[in-house]
Every structure is written in structure tokens, then in C-alpha cells.
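# Architecture at a glance
One-letter residues, chain by chain:
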Amino acid sequence: GCPRGAAFSWYTYSPTRVRYPYARGVLVEMYREAKARLIDPVLAWADVVSGPDRRRRYQRARGKGGLVRVTWAEATEMIAAAHVYTIKTYGPDR
């Protein structure tokens, strides 16, 4: 096999591999606040990304660390809400 394939087990069993989902702390805080207010995850995601000030706030945090550990349920909920929002906003019927 190739050297990359031989090194695959190093990645799988490395003590430094990522084992839990992490998200940008600023984004998670805004999403949690919006979800507590609006209940619906898709509306909460829309609230976070549609406002230019809020959007700029979490985008400026890119590349500066600040990742926080989130649960698998919360991570998948945020991903699903983002996908549904994108489909509703930019989908084939738009």
C-alpha cells in the first residue's frame, strides 16, 4: 500500500484527534440565545445569520480559536437548521 494508507492508523488512534464536536463559541452563544427566544431551530439560525451585525460578529471570530465543546445533538441540530434555512432561502424554487 501507499504511505498515506499505512499512516491511517496513526490518525485513528492519535491522542490528539478530535473526539467531540466543537463550534465557535460566539456562534453557539448567539444560537442558544435565539433558540431560547424563538423555540424553532430554523428561525433561530435565520436570526443569527440574517442580521449584518450578528453575522459580522461571529465571522470576525474565525481563526482566533474560541471553540467550545457542544453535544452531538446540538451540533446536528445546528447543521440541520443551517441546511433547512439555506434551502428555504436559496433553494430551487427561489
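To be clear, the structure that these remarks concern was listed above.
Now for a quick tour of the structure. Computed from a prediction, not measured in an experiment: that's the story for all the values here. (Residues numbered from 1 in each chain as written. Predicted model: local features only at pLDDT ≥ 70, side-chain atom pairs only at ≥ 80, totals over all residues. Heavy atoms only, no water.)

## Some remarks on the overall build of the protein
Definition in use: Here a helix means four or more residues in a row that DSSP labels H or I, a strand means two or more in a row labelled E, and each is numbered from the N terminus. Note on classification: 1.4 Å probe, protein chains only; a residue is buried when its accessible area is under 20% of the maximum for its type, exposed when over 50%, partly exposed between these limits. Two residues qualify as a contact provided that any one of their heavy atoms is within 4.5 Å of a heavy atom in the partner residue. Method for areas: the Shrake-Rupley scheme with a 1.4 Å probe, in which residue coverage is limited to the protein chains shown. His residues and chain termini do not enter the charge count, which takes Lys and Arg as positive and Asp and Glu as negative. Where a charge lies is defined by one atom per residue type, namely NZ (Lys), CZ (Arg), CG (Asp) and CD (Glu).
Secondary structure assignment for the protein yields six helices and two strands. Taken from the N to the C terminus, the helices and strands of the protein come in the order α-α-β-α-α-α-β-α. By its C-alpha atoms, the protein is 50 × 35 × 25 Å across when sized along the principal axes. Buried positions account for 29% of the 94 residues belonging to the protein. For the protein, long-range pairs separated by at least 24 residues make up 68% of all intrachain contacts whose partners lie at least 6 apart in sequence. Total accessible area on the protein is roughly 7000 Å²; 60% of this is exposed by carbon and sulfur atoms. Positive and negative side-chain charges of the protein, numbering 17 and 8 respectively, have mean locations separated by a distance of 9 Å.

## Thoughts on a nonpolar patch on the surface
Just so we agree on the cut-off: Patches in this entry comprise residues that are over 30% relatively accessible and not in a salt bridge; like charges within 9 Å are linked, as are nonpolar side chains (Val, Leu, Ile, Met, Phe, Trp, Tyr) within 5 Å. Take a side-chain nitrogen of Lys or Arg and a carboxyl oxygen of Asp or Glu: if they are within 4 Å of each other, that pair is a salt bridge.
On the surface, V18, Y20, Y22, L67 and W72 cluster together to form a nonpolar patch covering roughly 590 Å² of accessible area. Checked against the element boundaries, L67 lands in strand β2 (residues 67–69). Its relative accessible area of 55% is what places L67 among the exposed residues.

## What to know about the nonpolar core
Applicable threshold: Each nonpolar core is a collection of buried residues, namely Ala, Val, Leu, Ile, Met, Phe, Trp, Tyr and Cys, held together in the definition by side-chain atoms within 4.5 Å.
Judged by nonpolar contacts, the single largest core of 19 residues is most densely connected at Y31, W45 and V48. Within the residue set of this core, elements represented by two or more residues are α3 (25–38), α4 (41–50) and α6 (72–90). Ranked by the residues each element gives to this core, the list is headed by α4, at six residues. Apart from the residues lying within four places of it in its own chain, the contact partners of W45 are L27, Y31, M78, A81, A82 and Y85.

Worth remembering: the numbers are spatial, not functional.
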